[in-house]
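Chain and residue survey
Here is what each chain is made of, one letter per residue.
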Amino acid sequence: MEKEIYIVGTGSYVPKNVINNEFFKQFIETSDEWIYTRTGIRERRWADRDEAASDLAAQAFNKMNKELKIDPLDIELIVMATITPDTQCPSGANWLEAKIGAKNAVSFDVTAACSGFIFALDVAKQYLLNGTFKNALVVASEIMSRVIDLYDRDSCILWGDAAGCVFLTTDEKYQGYPVLKSTHIFTDGENGQNLLMPGGGSKTTPISHESVDKKLHYLKLIQANDSLRVAVRRFSESIKVALKNNNLSPEDINVVIPHQANIRIIQNVAKLSKIPMEKFYLTIEKYANSSSSTVPTALDEAVRDGTIKKGDNVILTAFGGGLTWGSAYIKW
Ligand SMILES: CC(C)(COP(=O)(O)OP(=O)(O)OC[C@H]1O[C@@H](n2cnc3c(N)ncnc32)[C@H](O)[C@@H]1OP(=O)(O)O)[C@@H](O)C(=O)NCCC(=O)NCCS
(Lines give C-alpha, C1' and ligand atoms only; values in the text may rest on other atoms or scores of the structure.)
Protein backbone atom coordinates (compact mmCIF):
# COMPACT_ATOMS: atom_id res chain seq x y z
CA MET A 1 0.00 0.00 0.00
CA GLU A 2 1.22 3.49 -0.82
CA LYS A 3 2.15 5.58 2.20
CA GLU A 4 -0.51 7.97 3.49
CA ILE A 5 0.32 11.32 5.04
CA TYR A 6 -1.90 11.90 8.07
CA ILE A 7 -2.68 15.34 9.45
CA VAL A 8 -2.87 14.63 13.15
CA GLY A 9 -3.14 18.16 14.49
CA THR A 10 -3.62 21.81 13.58
CA GLY A 11 -2.79 24.99 15.50
CA SER A 12 -2.85 28.75 15.07
CA TYR A 13 -2.06 31.97 16.85
CA VAL A 14 -2.92 35.63 16.26
CA PRO A 15 -1.39 38.42 18.36
CA LYS A 16 -3.70 40.18 20.80
CA ASN A 17 -3.40 43.74 19.40
CA VAL A 18 -6.42 44.55 17.24
CA ILE A 19 -5.82 47.26 14.63
CA ASN A 20 -9.04 48.58 13.10
CA ASN A 21 -9.38 50.50 9.84
CA GLU A 22 -9.71 53.84 11.63
CA PHE A 23 -6.09 53.47 12.82
CA PHE A 24 -4.77 54.25 9.31
CA LYS A 25 -6.43 57.67 9.18
CA GLN A 26 -3.48 59.12 11.12
CA PHE A 27 -1.16 58.25 8.22
CA ILE A 28 -3.24 58.28 5.01
CA GLU A 29 -6.52 59.60 3.66
CA THR A 30 -8.85 56.62 3.93
CA SER A 31 -12.01 55.34 5.62
CA ASP A 32 -13.37 52.18 7.19
CA GLU A 33 -16.02 52.05 4.48
CA TRP A 34 -13.49 52.29 1.60
CA ILE A 35 -11.23 49.60 3.07
CA TYR A 36 -14.11 47.27 3.89
CA THR A 37 -15.87 47.54 0.52
CA ARG A 38 -12.63 47.29 -1.51
CA THR A 39 -11.01 44.49 0.50
CA GLY A 40 -13.43 42.88 3.00
CA ILE A 41 -11.08 43.83 5.86
CA ARG A 42 -12.39 45.40 9.09
CA GLU A 43 -9.41 44.74 11.34
CA ARG A 44 -6.14 42.88 11.63
CA ARG A 45 -3.85 41.68 14.46
CA TRP A 46 -0.35 43.09 14.90
CA ALA A 47 2.41 41.61 17.03
CA ASP A 48 4.10 43.34 19.95
CA ARG A 49 7.54 44.84 19.28
CA ASP A 50 9.20 41.99 21.18
CA GLU A 51 7.44 39.20 19.26
CA ALA A 52 9.24 37.61 16.30
CA ALA A 53 7.93 35.15 13.69
CA SER A 54 9.23 32.15 15.65
CA ASP A 55 7.35 33.36 18.77
CA LEU A 56 4.05 33.34 16.88
CA ALA A 57 4.92 29.95 15.39
CA ALA A 58 5.78 28.54 18.83
CA GLN A 59 2.41 29.76 20.16
CA ALA A 60 0.61 28.02 17.27
CA PHE A 61 2.57 24.84 17.96
CA ASN A 62 1.81 24.99 21.71
CA LYS A 63 -1.90 25.39 21.03
CA MET A 64 -1.85 22.33 18.77
CA ASN A 65 0.28 20.36 21.18
CA LYS A 66 -2.04 20.91 24.15
CA GLU A 67 -4.17 18.16 22.61
CA LEU A 68 -1.58 16.27 20.57
CA LYS A 69 1.04 15.99 23.30
CA ILE A 70 3.88 15.02 20.98
CA ASP A 71 7.31 15.05 22.55
CA PRO A 72 9.23 17.84 20.72
CA LEU A 73 12.26 15.52 20.72
CA ASP A 74 10.32 13.18 18.39
CA ILE A 75 9.85 15.83 15.68
CA GLU A 76 12.04 14.92 12.69
CA LEU A 77 11.44 17.82 10.28
CA ILE A 78 10.31 21.43 10.62
CA VAL A 79 9.47 23.37 7.46
CA MET A 80 8.55 26.98 8.05
CA ALA A 81 6.98 29.24 5.44
CA THR A 82 7.82 32.88 6.00
CA ILE A 83 8.93 36.07 4.27
CA THR A 84 9.42 37.76 7.65
CA PRO A 85 11.77 35.41 9.56
CA ASP A 86 13.24 36.54 12.91
CA THR A 87 16.55 37.03 11.08
CA GLN A 88 17.78 36.19 7.57
CA CYS A 89 20.33 33.95 9.27
CA PRO A 90 19.56 31.80 11.18
CA SER A 91 16.28 30.93 9.53
CA GLY A 92 12.92 31.36 11.25
CA ALA A 93 12.65 27.56 11.44
CA ASN A 94 16.01 27.33 13.27
CA TRP A 95 14.77 29.81 15.88
CA LEU A 96 11.54 27.83 16.22
CA GLU A 97 13.40 24.52 16.59
CA ALA A 98 15.29 25.97 19.57
CA LYS A 99 12.21 27.63 21.06
CA ILE A 100 10.10 24.46 21.17
CA GLY A 101 13.01 22.20 22.09
CA ALA A 102 12.83 20.09 18.92
CA LYS A 103 16.53 19.24 19.23
CA ASN A 104 16.44 16.22 16.93
CA ALA A 105 14.63 17.94 14.07
CA VAL A 106 16.08 19.28 10.84
CA SER A 107 14.59 22.72 10.24
CA PHE A 108 14.58 25.22 7.39
CA ASP A 109 12.49 27.97 5.81
CA VAL A 110 10.60 28.01 2.54
CA THR A 111 10.04 31.33 0.81
CA ALA A 112 7.06 31.55 -1.51
CA ALA A 113 5.27 34.67 -0.21
CA CYS A 114 1.54 34.17 0.34
CA SER A 115 1.66 30.65 -1.17
CA GLY A 116 4.38 29.64 1.30
CA PHE A 117 2.31 27.24 3.37
CA ILE A 118 1.25 25.19 0.32
CA PHE A 119 4.90 25.08 -0.83
CA ALA A 120 6.02 24.02 2.68
CA LEU A 121 3.39 21.28 2.72
CA ASP A 122 4.64 20.09 -0.66
CA VAL A 123 8.28 20.00 0.50
CA ALA A 124 7.41 18.08 3.67
CA LYS A 125 5.27 15.68 1.64
CA GLN A 126 8.27 14.68 -0.52
CA TYR A 127 10.43 13.84 2.52
CA LEU A 128 7.62 11.84 4.12
CA LEU A 129 6.81 9.90 0.96
CA ASN A 130 10.44 9.03 0.22
CA GLY A 131 10.89 7.88 3.81
CA THR A 132 13.67 10.29 4.83
CA PHE A 133 11.51 11.48 7.73
CA LYS A 134 8.46 9.96 9.41
CA ASN A 135 6.92 13.16 10.66
CA ALA A 136 6.98 16.90 10.01
CA LEU A 137 5.83 20.10 11.63
CA VAL A 138 4.74 22.41 8.81
CA VAL A 139 4.26 25.96 9.96
CA ALA A 140 3.71 29.42 8.50
CA SER A 141 4.44 32.54 10.49
CA GLU A 142 4.48 36.16 9.43
CA ILE A 143 4.90 39.55 11.03
CA MET A 144 3.84 41.67 8.07
CA SER A 145 3.42 44.74 10.32
CA ARG A 146 7.24 45.02 10.36
CA VAL A 147 7.57 45.39 6.58
CA ILE A 148 4.81 47.81 5.67
CA ASP A 149 5.07 51.51 4.95
CA LEU A 150 2.23 53.18 6.86
CA TYR A 151 2.19 55.99 4.30
CA ASP A 152 1.74 53.64 1.33
CA ARG A 153 -2.00 53.97 0.78
CA ASP A 154 -2.36 51.04 -1.60
CA SER A 155 -0.81 48.43 0.60
CA CYS A 156 -0.51 49.40 4.30
CA ILE A 157 -4.16 48.56 4.97
CA LEU A 158 -3.92 44.99 3.69
CA TRP A 159 -1.64 43.17 6.12
CA GLY A 160 -1.88 41.32 9.43
CA ASP A 161 0.31 39.07 11.60
CA ALA A 162 -0.45 35.42 12.38
CA ALA A 163 0.93 31.88 12.54
CA GLY A 164 -0.57 28.47 11.80
CA CYS A 165 0.69 24.90 11.68
CA VAL A 166 -0.11 21.26 11.03
CA PHE A 167 1.65 18.11 12.17
CA LEU A 168 2.08 15.42 9.52
CA THR A 169 3.06 11.80 10.00
CA THR A 170 3.21 8.58 8.03
CA ASP A 171 2.79 6.52 11.22
CA GLU A 172 0.03 3.99 10.50
CA LYS A 173 -1.26 4.15 14.03
CA TYR A 174 -2.99 7.35 12.86
CA GLN A 175 -5.12 5.57 10.25
CA GLY A 176 -8.53 7.26 10.16
CA TYR A 177 -7.08 10.75 10.60
CA PRO A 178 -7.34 13.35 7.77
CA VAL A 179 -5.09 12.50 4.82
CA LEU A 180 -3.08 14.98 2.74
CA LYS A 181 -3.88 13.50 -0.68
CA SER A 182 -2.13 15.89 -3.05
CA THR A 183 -0.27 19.17 -3.37
CA HIS A 184 0.25 21.25 -6.52
CA ILE A 185 2.70 24.13 -6.77
CA PHE A 186 3.52 26.63 -9.56
CA THR A 187 5.71 29.70 -10.14
CA ASP A 188 6.21 32.42 -12.73
CA GLY A 189 9.45 34.29 -12.01
CA GLU A 190 9.19 36.41 -15.13
CA ASN A 191 6.07 38.23 -13.96
CA GLY A 192 6.77 38.22 -10.25
CA GLN A 193 7.94 41.77 -9.50
CA ASN A 194 4.62 43.37 -8.63
CA LEU A 195 4.81 42.31 -4.99
CA LEU A 196 8.33 43.20 -4.05
CA MET A 197 10.54 43.86 -1.03
CA PRO A 198 13.40 45.57 -2.90
CA GLY A 199 15.80 46.19 0.02
CA GLY A 200 17.61 43.95 2.47
CA GLY A 201 18.68 41.34 -0.08
CA SER A 202 21.86 41.08 -2.14
CA LYS A 203 20.44 43.57 -4.66
CA THR A 204 20.96 46.44 -2.18
CA THR A 205 23.61 45.02 0.12
CA PRO A 206 24.64 46.40 2.46
CA ILE A 207 21.48 47.99 3.85
CA SER A 208 22.38 51.66 3.78
CA HIS A 209 20.99 54.99 4.95
CA GLU A 210 20.11 55.58 1.33
CA SER A 211 18.11 52.35 0.95
CA VAL A 212 16.28 52.98 4.23
CA ASP A 213 15.59 56.62 3.28
CA LYS A 214 14.11 55.33 0.03
CA LYS A 215 11.99 52.88 2.08
CA LEU A 216 13.37 49.94 0.07
CA HIS A 217 13.06 47.66 3.11
CA TYR A 218 9.25 47.83 2.89
CA LEU A 219 6.93 45.61 0.91
CA LYS A 220 5.70 47.28 -2.26
CA LEU A 221 2.58 46.42 -4.18
CA ILE A 222 2.98 47.67 -7.73
CA GLN A 223 -0.11 47.74 -9.98
CA ALA A 224 -2.27 46.46 -7.13
CA ASN A 225 -5.28 46.31 -9.38
CA ASP A 226 -3.54 44.09 -11.95
CA SER A 227 -2.58 41.74 -9.15
CA LEU A 228 -6.27 41.19 -8.35
CA ARG A 229 -6.91 39.89 -11.90
CA VAL A 230 -3.88 37.61 -12.02
CA ALA A 231 -4.70 36.23 -8.56
CA VAL A 232 -8.23 35.26 -9.59
CA ARG A 233 -6.92 33.38 -12.64
CA ARG A 234 -4.17 31.54 -10.76
CA PHE A 235 -6.34 30.62 -7.76
CA SER A 236 -8.97 29.16 -10.07
CA GLU A 237 -6.40 27.21 -12.09
CA SER A 238 -4.92 25.72 -8.93
CA ILE A 239 -8.33 24.56 -7.71
CA LYS A 240 -9.00 22.96 -11.10
CA VAL A 241 -5.69 21.08 -10.97
CA ALA A 242 -6.48 19.71 -7.50
CA LEU A 243 -9.93 18.59 -8.65
CA LYS A 244 -8.64 16.98 -11.84
CA ASN A 245 -5.82 15.11 -10.10
CA ASN A 246 -8.21 13.60 -7.59
CA ASN A 247 -11.11 12.89 -9.98
CA LEU A 248 -13.34 15.33 -8.16
CA SER A 249 -15.92 17.79 -9.45
CA PRO A 250 -16.76 21.17 -7.87
CA GLU A 251 -19.89 19.67 -6.25
CA ASP A 252 -17.72 17.17 -4.33
CA ILE A 253 -15.96 19.93 -2.40
CA ASN A 254 -17.21 20.67 1.12
CA VAL A 255 -14.80 23.40 2.24
CA VAL A 256 -12.26 25.62 0.46
CA ILE A 257 -9.63 27.35 2.57
CA PRO A 258 -8.38 30.16 0.33
CA HIS A 259 -5.53 32.56 0.93
CA GLN A 260 -7.20 35.72 2.24
CA ALA A 261 -5.89 38.71 0.23
CA ASN A 262 -9.08 40.45 -0.86
CA ILE A 263 -12.72 39.33 -0.58
CA ARG A 264 -13.27 40.33 -4.22
CA ILE A 265 -10.61 37.82 -5.31
CA ILE A 266 -12.35 35.05 -3.37
CA GLN A 267 -15.80 35.97 -4.76
CA ASN A 268 -14.51 35.81 -8.33
CA VAL A 269 -12.63 32.56 -7.70
CA ALA A 270 -15.87 31.05 -6.36
CA LYS A 271 -17.65 32.04 -9.57
CA LEU A 272 -14.91 30.78 -11.88
CA SER A 273 -14.42 27.49 -10.07
CA LYS A 274 -18.18 26.87 -9.77
CA ILE A 275 -17.91 26.26 -6.03
CA PRO A 276 -20.47 28.30 -4.04
CA MET A 277 -19.09 31.19 -1.99
CA GLU A 278 -20.61 29.65 1.20
CA LYS A 279 -18.02 26.88 0.93
CA PHE A 280 -15.11 29.34 1.09
CA TYR A 281 -14.00 29.78 4.69
CA LEU A 282 -13.28 33.43 5.48
CA THR A 283 -11.09 35.11 8.09
CA ILE A 284 -10.18 38.21 6.07
CA GLU A 285 -12.61 40.51 7.90
CA LYS A 286 -10.87 40.01 11.27
CA TYR A 287 -7.29 39.05 10.36
CA ALA A 288 -6.63 40.61 6.88
CA ASN A 289 -3.76 39.20 4.80
CA SER A 290 -1.06 37.54 6.93
CA SER A 291 0.72 36.23 3.80
CA SER A 292 1.63 32.53 4.13
CA SER A 293 -0.17 32.28 7.49
CA THR A 294 -3.72 32.90 6.26
CA VAL A 295 -4.27 29.33 5.03
CA PRO A 296 -3.12 27.36 8.12
CA THR A 297 -4.76 29.88 10.48
CA ALA A 298 -8.09 29.59 8.66
CA LEU A 299 -7.71 25.80 8.46
CA ASP A 300 -7.23 25.55 12.23
CA GLU A 301 -10.24 27.78 12.92
CA ALA A 302 -12.42 25.84 10.47
CA VAL A 303 -11.47 22.58 12.21
CA ARG A 304 -12.09 23.96 15.70
CA ASP A 305 -15.45 25.61 14.96
CA GLY A 306 -16.76 22.45 13.31
CA THR A 307 -16.94 23.82 9.74
CA ILE A 308 -14.69 20.97 8.57
CA LYS A 309 -16.14 17.58 9.44
CA LYS A 310 -14.84 14.04 9.17
CA GLY A 311 -15.06 12.78 5.60
CA ASP A 312 -15.11 16.28 4.05
CA ASN A 313 -13.24 17.06 0.85
CA VAL A 314 -11.13 20.11 1.64
CA ILE A 315 -9.15 22.25 -0.82
CA LEU A 316 -6.44 24.69 0.25
CA THR A 317 -5.47 27.29 -2.35
CA ALA A 318 -3.09 30.25 -2.40
CA PHE A 319 -1.50 32.84 -4.66
CA GLY A 320 1.32 35.25 -3.94
CA GLY A 321 4.40 37.22 -4.94
CA GLY A 322 7.03 35.51 -6.99
CA LEU A 323 4.67 34.78 -8.68
CA THR A 324 3.72 31.66 -6.76
CA TRP A 325 0.48 29.73 -6.53
CA GLY A 326 -0.76 26.30 -5.56
CA SER A 327 -3.32 24.05 -3.94
CA ALA A 328 -3.70 20.99 -1.77
CA TYR A 329 -6.44 18.40 -1.39
CA ILE A 330 -7.17 16.88 2.01
CA LYS A 331 -9.62 14.05 2.68
CA TRP A 332 -10.65 15.03 6.19
C1 LIG B 1 -5.22 47.78 -3.08
C2 LIG B 1 -6.66 47.45 -3.49
C3 LIG B 1 -7.49 47.26 -2.25
C4 LIG B 1 -7.19 48.65 -4.25
O5 LIG B 1 -8.48 48.36 -4.75
P6 LIG B 1 -8.85 48.72 -6.24
O7 LIG B 1 -10.26 48.40 -6.48
O8 LIG B 1 -7.82 48.08 -7.11
O9 LIG B 1 -8.73 50.29 -6.21
P10 LIG B 1 -8.01 51.23 -7.25
O11 LIG B 1 -6.54 50.97 -7.29
O12 LIG B 1 -8.76 51.14 -8.53
O13 LIG B 1 -8.22 52.62 -6.57
C14 LIG B 1 -9.49 53.22 -6.47
C15 LIG B 1 -9.34 54.58 -5.83
O16 LIG B 1 -9.16 54.43 -4.41
C17 LIG B 1 -8.02 55.19 -3.97
N18 LIG B 1 -7.36 54.49 -2.84
C19 LIG B 1 -6.30 53.66 -2.89
N20 LIG B 1 -5.99 53.23 -1.66
C21 LIG B 1 -6.88 53.80 -0.82
C22 LIG B 1 -7.07 53.72 0.57
N23 LIG B 1 -6.31 52.98 1.37
N24 LIG B 1 -8.11 54.43 1.09
C25 LIG B 1 -8.91 55.17 0.31
N26 LIG B 1 -8.78 55.28 -1.01
C27 LIG B 1 -7.76 54.61 -1.58
C28 LIG B 1 -7.14 55.26 -5.17
O29 LIG B 1 -6.28 56.38 -5.08
C30 LIG B 1 -8.13 55.38 -6.31
O31 LIG B 1 -8.56 56.73 -6.39
P32 LIG B 1 -8.80 57.39 -7.82
O33 LIG B 1 -9.88 56.56 -8.48
O34 LIG B 1 -9.20 58.77 -7.48
O35 LIG B 1 -7.48 57.28 -8.53
C36 LIG B 1 -6.74 46.19 -4.40
O37 LIG B 1 -6.19 46.46 -5.65
C38 LIG B 1 -6.01 45.04 -3.79
O39 LIG B 1 -6.43 44.47 -2.80
N40 LIG B 1 -4.89 44.67 -4.43
C41 LIG B 1 -3.97 43.77 -3.85
C42 LIG B 1 -4.23 42.40 -4.22
C43 LIG B 1 -3.28 41.58 -3.46
O44 LIG B 1 -3.30 41.55 -2.24
N45 LIG B 1 -2.41 40.92 -4.17
C46 LIG B 1 -1.51 40.04 -3.58
C47 LIG B 1 -2.19 38.75 -3.46
S48 LIG B 1 -1.33 37.72 -2.37
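Up top is the structure these notes are about.
So, here is what we can say about the structure in this document.

**Regarding the pairing of strand 4 (residues 77–81)**
Burial of strand 4 is extensive: five of the five residues sit out of reach of the surface. Neither face of strand 4 is open: one carries Leu 77, Val 79 and Ala 81, the other Ile 78 and Met 80, and all of them are buried. Inspection of the sheet shows strand 4 paired to strand 5 (residues 106–110) by five bridges, in the parallel sense. Among the inter-strand pairings, Ile 78 is bridged to a residue of strand 5, identified as Ser 107. Chirality of the crossover, the property in question, places the unit of strand 4, helix 3 (residues 92–100) and strand 5 among those that are right-handed. Here four bridges tie strand 4 to strand 6 (residues 135–143), and the two strands are oriented parallel to one another. Counted as the bridge partner of Ala 81 is Ala 140 from strand 6.

**Some words on unusual backbone geometry**
For the bond running from Cys 89 to Pro 90, omega is 0 degrees, close enough to zero to count as cis. Of note, Pro 90 is situated in the loop between strand 4 and helix 3. Of note, the amide linkage connecting Gly 322 to Leu 323 takes the cis form, showing an omega dihedral of -15 degrees. Backbone geometry at Lys 69 places phi at a positive 55 degrees, although glycine is not the residue there. Positionally, Lys 69 belongs in the loop between helix 2 (53–68) and strand 4. According to the relative accessible area criterion, Lys 69 is exposed, its value standing at 64%. Its identity as a non-glycine residue notwithstanding, Lys 274 has a phi of 60 degrees, on the positive side. Mapped onto the secondary structure, Lys 274 falls in the loop between helix 7 (263–273) and helix 8 (284–287).

**Considering the site of the ligand**
In the vicinity of the ligand lie 22 residues, with Thr 30, Arg 38, Asn 225, Ser 227 and Asn 262 positioned nearest. Measuring from a nitrogen atom of the ligand, one finds a side-chain N or O atom of Thr 30 at 2.6 Å. Arg 153 is positioned such that a nitrogen or oxygen atom in its backbone is 3.1 Å from a nitrogen atom of the ligand. When the free accessible area of the ligand is taken as 960 Å², the share hidden by the protein chains comes to 75%. Looking at the shell around the ligand, the elements with two or more residues in it are helix 1 (32–39), helix 6 (224–245) and strand 12 (313–320). In terms of residues, the shell around the ligand owes the most to one element, helix 6, which gives four residues. In the shell around the ligand, the residues fall into ten nonpolar, seven polar and five charged.

**Considering the packing of helix 2 against helix 3**
Orientation of helix 2 relative to helix 3, taken along the N-to-C sense of each, is 50 degrees, at an axis distance of 9 Å. One finds that helix 2 runs oblique with respect to helix 3. Of the two elements, helix 2 crosses helix 3, and the hand of that crossing is right-handed. Contacts between helix 2 and helix 3 pair Ser 54, Asp 55, Ala 57, Ala 58 and Phe 61 from the former with Gly 92, Trp 95, Leu 96, Lys 99 and Ile 100 from the latter. Of the residues assigned to the contact of helix 2 with helix 3, the class counts are six nonpolar, two polar and two charged.

**Comments concerning the pattern of salt bridges**
Inspection of the entire model under this criterion finds 15 salt bridges. The partner of Lys 63 in a salt bridge is Asp 300, and the shortest N-O contact between them spans 3.1 Å. Of this pair, Lys 63 sits in helix 2 while Asp 300 sits in helix 9 (residues 294–304), and the two are 237 residues apart along the sequence. Relative accessible area serves as the criterion here: at 0%, Asp 300 is assigned to the buried category. Its salt-bridge partner being Glu 237, residue Arg 233 comes within 4.0 Å of it at the nearest N-O pair. Taken together, the positions of Arg 233 and Glu 237, both in helix 6 and four residues apart, correspond to about one turn of that helix. Among the residues examined, Arg 233 registers a relative accessible area of 44% and is labelled partly exposed. Salt bridges here are not isolated pairs; linked through shared partners, they connect Lys 63, Glu 67, Asp 300 and Arg 304.

Procedures and definitions
Residues numbered from 1 in each chain as written. Predicted model: local features only at pLDDT ≥ 70, side-chain atom pairs only at ≥ 80, totals over all residues. Heavy atoms only, no water. Buried < 20%, exposed > 50% of the residue type's maximum accessible area, 1.4 Å probe, protein only. Helix = DSSP H or I, 4+ residues; strand = E, 2+ residues; numbered from the N terminus. Pairing = 2+ DSSP bridges. Right-handed = clockwise from strand over helix to strand, strands pointing away. Near = heavy atom within 4 Å. Polar contact = N/O pair within 3.5 Å; in protein donor to acceptor, adjacent residues only side chain to side chain. Areas by Shrake-Rupley, 256 points an atom, 1.4 Å probe, with all protein chains shown as cover. Nonpolar A, V, L, I, M, F, W, Y, C, P; charged D, E, K, R; others polar. Axes fitted to C-alpha atoms, helices over the stretch in contact; angles between N-to-C directions. Parallel < 35°, antiparallel > 145°, perpendicular 65-115°, else oblique. Left-handed = near helix turned anticlockwise from the far one by under 90°. Contact = heavy atoms within 4.5 Å. Salt bridge = Lys/Arg side-chain N within 4 Å of Asp/Glu carboxyl O.

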